[in-house]
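Structural overview for review
In case you want the letters, here they are:
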Amino acid sequence: MALPRNLRVFLEVLLVICVVIALGTGIALGIALGSTRNLQITGQIGETQLALPSQILDRNGKLITEYFAEEKRNIISINEVPRHLIYAVIAAEDKNFFSHNGFDLSGFFRALWNNLRGTYFSGASSITQQVAGELYADRSEITIKRKLVELWYAYQMEHKLTKYQILELYLNTVYLGHNTHGIEAASQFYFGHSVRELTLAESAILVVQVRSPARYSMINHPNDAKERQWTVLEQMIKQGYVTREEAKASFDVFWERYDVTRSNTSTAYFENESRAPYFSEYVRLEIEDILYGSLVDINREGFVIHTTLDLDIQQTAERQMSRGTREINQKYQMDTAERLEEADRLFLPLVDALALLLDIDRLHIADSKQRRDAQRYFNANLSPVLIATALLIGSDTMVDLTDLALRQAESTTKRTTVEGALITLENATGHILAMVGGSEFKTKNFNRAVSATVQPGSAFKPLYYSAAVSSRIITPATMIMDSPVIFFNPDGTPYEPKNFLGTWSGPVRARYALANSMNVPSTKVLDAIGFDMAINRASRLLGMYDQRNDEKLFPRKYPLALGVVSVAPINMARAFATFPNQGREVEPIAIRYIEDRKGNIRYEYEKEKIKERQRRSEEELQIMTPQEAYIMVSMLESTVQYGTLANRRIMVGGFDGMPMAGKTGTTDNWANAWTIGFSPYMTTAVWFGFDMPGESLGRNQTGATAAGPIWAWYMKEIHTDLPPKEFIRPETGLIERKVCAVSGKLLTNACNEGSIDEIFLAGTQPEQFCDYHIAKEKRNEKIVTRIKDRLFLGGVTTGLGIDLQTEDFDLLGSDEPDSPRRTTGTQAGNPLLD
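Okay, so let's go over this structure. No experiment lies behind these values; they were computed from the predicted model shown. (Residues numbered from 1 in each chain as written. Predicted model: local features only at pLDDT ≥ 70, side-chain atom pairs only at ≥ 80, totals over all residues. Heavy atoms only, no water.)

**Here's the deal with the overall build of the protein**
For the protein, the count of helices and strands is 29 helices and 19 strands. Look at the contacts in the protein between residues 6 or more apart in sequence, and 71% of them connect residues 24 or more apart. On the protein, roughly 41,100 Å² of surface is accessible, and the fraction owed to carbon and sulfur atoms is 53%. (Helix = DSSP H or I, 4+ residues; strand = E, 2+ residues; numbered from the N terminus. Contact = heavy atoms within 4.5 Å. Areas by Shrake-Rupley, 256 points an atom, 1.4 Å probe, with all protein chains shown as cover.)

Structural data, given as structure tokens:
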């Protein structure tokens, strides 16, 4: 016979009481028997390390991002928590919290009775038990053993900590749904502001999440959450924490302002997108190297990582690179479309004619635009559907074919989408101030600013020019003949460099040749110093000295003069930063120091790097003398003054008195566009190109026209608030001379084509006076005399031009040679004017 329901409930309650009494007796006995071990256990109470995200800060203390694993948590002091949130927690979770010793017997029976009646809301565990369970037990286990562990540690905590310390632990550990742990993370996630700003209604609905975050989520189940929120407010009213009017007013305002789309903003907070994603990932990898072999988890340790980044500069870099990448892609697509349309116009009629003549239907083809549109439609719309269908029906063949199509589409995107990278280094310290590794950050993307391996083109020239300056083979005033020439590589293969537009300028000064990126004079400079000297200097500047003997990386052939090496923007930036840093090596650095969660300095990364440098010899660190470096700075300033970056300087309206220097670079087939330049403060490298080689940016997109504008606008903006200053010039070891602008020799009264104030390393200044114009006048006088003689004799019948071709020197200067000179390597003496 079934027992009456009331009697059955009474017997169940009686049974529970007996169990509780037995447990109490067991706990008391355990306390008595384990008093000696208790001394060891209690020493750990209150010292538990909560999982806490590590923060990355910029050089000014601004938050860049956080590293966290499965938990999103922000620690907050109990003193910063609003009183009404504490009241809401006490009212809903443990109204006797301040009076019990860790276990609330009346609360236990109240929760049991609510469960039996089906009106469950409050839990059976006290706040202290919940904290003990979170920290020392597995709350997923529904066992008596787990309860005993909770009770044991709850008792220890009550004797070791104050009530407010326990409450602080609770508020920072409680799970509140959507992967948030602790009230500060939950407040930021749900409301977009700190717990310090919580309203009464917001506090109540946060407490609701404690019981069942999935069931009462205000994002997924707002109606259920709303009902439980009012229940919590009513409990607060009954316990005298708030008035009904206060609760009702806050409740109404909350739901009047409730935004059903708040899940979007909340997700953005939780994902916590980095304000410098490529830099953040770079720092994370650096830290993994630092912590290699340790058991420290950066995602849970709560480190504060102080970095070198400047978020203001980074923001400017992101904006300028985004604009540049977009505009360059648009130009590239337009140029490509025009080329394909021209091909269609020329060849498709011929193919169609053949198809009609031979009656071959398969030769009938649409124009290239139709083919491209069809291919894009297939990749974007049909391939995903076909894959899903293939998986559904189990067709491996269809899966393979559609997967191949998607891979081809991805490969095409890499081959035909222009990407870019930027990195800025502080000259004196090597601090990375800004880093953009591509157009869109994805976990699988590689950081082009530090990992790309692309050719620098003519931007490579200053690296070996500096070796020529150091070896005293050239000065800025050295005259070099710009004319056709064939060089023979060590393996006997010929190499004939050409200038950008296929023109020749005759004899030019080294300064002018570098500023205007002349290929033949630059190759002659490489020929004069030799491959070994050029590669040794370039590899040291790039931070790749240990790879100097890698023939694939640094080929000992004449195309090396035009930058056929593989480097990343960070390598080029550190190389150029050496010049304004007075010739001292610049090592890029991203991390300054790391603090633990208590504010103690854990790793002084920058200081360790400085100590490592101090252990190296001065010869290793000083790549070139300050005087040699200053010569290079001066020569590269000419690029901005009248060389390939002059139009960019004019375009931005100058740099407001700030000195600038740099170099552009464009590789064969216009595949890569570079500009690397510096001020007295910092150096920036900008690159645009393709992830996969083979495509051309187009003839109108060079280092000067594509990367140059972005570099110029960016450098102008980030220097706006910096006071202008000059590049550091050594007090000794340099000499200035006024020289002829044409010959580079000391000025005379006969020099009527301009003069320049040139700078030289002491001992390399010219000692000879210019004889070019005097000799030219004498030759021209001789020519005029001969012409007059012939005119009087009536010998000229076909014009002056033919007669002048037989002379050594014409009225306008040296003729353009009809055939290139040949050289097989470094010549005896100075071959630059040959």
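That was the structure; now back to the text.
**Brief notes about the environment of Lys 738**
Take Lys 738: it is sitting in strand β17 (residues 734-740). Put simply, Lys 738 and Ser 755 are 17 residues apart on the chain and 6.6 Å apart in space, counted from C-alpha to C-alpha. With sequence-adjacent residues up to four places away left out, Lys 738 is seen in contact with Leu 746, Leu 747, Ser 755, Ile 756 and Asp 757.

**With respect to the pattern of salt bridges**
What the rule picks out here adds up to 28 salt bridges. Note that Lys 62 is salt-bridged to Asp 312, the shortest N-O span being 3.1 Å. Here the residue Lys 62 occupies a position in the loop between β1 (54-57) and β2 (63-67), and Asp 312 occupies one in helix α14 (residues 311-358), the gap between them amounting to 250 residues. Given the relative accessible area of 33%, Lys 62 is considered partly exposed. Asp 312 sits in the partly exposed class, given a relative accessible area of 42%. Of the charged contacts in the structure, one is a salt bridge between Glu 628 and Arg 472, with a shortest N-O distance of 2.7 Å. Residue Glu 628 is located in helix α25 (residues 626-641), and its partner Arg 472 is located in the loop between α18 (461-470) and β8 (479-482); the two are separated by 156 residues in the primary sequence. You can call Arg 472 partly exposed: its relative accessible area is 42%. Connected through salt bridges with shared partners, the residues Glu 585, Arg 613, Arg 616 and Glu 620 form a single ionic network. (Salt bridge = Lys/Arg side-chain N within 4 Å of Asp/Glu carboxyl O. Buried < 20%, exposed > 50% of the residue type's maximum accessible area, 1.4 Å probe, protein only.)

**Overview of the sheet that holds β2**
Across the sheet, 5 strands lie side by side as β2-β1-β5-β12-β13; this open sheet has mixed pairing. Only two strands of the sheet have a single neighbouring strand rather than two, namely β2 and β13 (601-603). The mean angle between the axes of side-by-side strands here comes to 30 degrees, regardless of whether they run parallel or antiparallel. As paired elements, strand β5 (residues 304-307) and strand β12 (residues 591-595) share 4 bridges and run antiparallel to each other. Bridged to Val 304 within β12 is Glu 595. Across the sheet, helix α13 (residues 277-290) lies against β1, β2, β5, β12 and β13, angled at about 50 degrees from β2, the strand it touches most. Across the sheet, helix α23 (residues 605-614) lies against β12 and β13, angled at about 130 degrees from β12, the strand it touches most. (Pairing = 2+ DSSP bridges. Axes fitted to C-alpha atoms, helices over the stretch in contact; angles between N-to-C directions.)

**Here we look at the packing of α18 against helix α20 (residues 519-529)**
Packing of α18 against α20 leaves a shortest axis separation of 10 Å and a crossing angle of 45 degrees. By the criterion of interaxial angle, the relationship of α18 to α20 is oblique. Once α18 is placed against α20, the crossing between them reads as left-handed. Here Lys 461, Tyr 464, Tyr 465, Ala 467 and Ala 468 of α18 lie close against α20, whose contacting residues are Asn 519, Pro 521, Ser 522, Thr 523, Val 525, Leu 526 and Ile 529. Residue composition of the contact of α18 with α20, grouped by class: 8 nonpolar, 3 polar and 1 charged. (Parallel < 35°, antiparallel > 145°, perpendicular 65-115°, else oblique. Left-handed = near helix turned anticlockwise from the far one by under 90°. Nonpolar A, V, L, I, M, F, W, Y, C, P; charged D, E, K, R; others polar.)

**Focus on the side chain of Ser 54**
The residue Ser 54 is located in strand β1 in this model. When its relative accessible area of 0% is taken as the criterion, Ser 54 is described as buried. A distance of 3.0 Å separates a polar side-chain atom of Ser 54 from the backbone nitrogen of Phe 303. Ser 54 has contacts with Thr 65, Glu 66, Tyr 67, Ile 298, Glu 301, Gly 302, Phe 303 and Ile 305, leaving out every residue within four places of it along the chain. (Polar contact = N/O pair within 3.5 Å; in protein donor to acceptor, adjacent residues only side chain to side chain.)

**Notes on the packing of aromatic side chains**
Tallied over the full model, the rule gives 17 aromatic pairs. Between Tyr 332 and Phe 690 the ring centres are 5.2 Å apart and the planes differ by 65 degrees, which places this aromatic pair in the edge-to-face class. Separated by 358 residues along the polypeptide, Tyr 332 in helix α14 and Phe 690 in strand β16 (residues 682-690) bring together distant segments of the chain. Relative accessible area serves as the criterion here: at 5%, Phe 690 is assigned to the buried category. (Phe/Tyr/Trp six-rings, centres within 6.5 Å; stacked < 30°, edge-to-face > 60°.)

**Some thoughts on helix α7 (residues 163-173)**
Because an α-helix completes one turn every 3.6 residues, residues spaced three or four positions apart along the sequence face the same direction. The buried count for α7 comes to 8 of 11 residues, which makes it a mostly enclosed element. Burial in α7 covers these residues: Lys 163, Ile 166, Leu 167, Leu 169, Tyr 170, Leu 171, Asn 172 and Thr 173.

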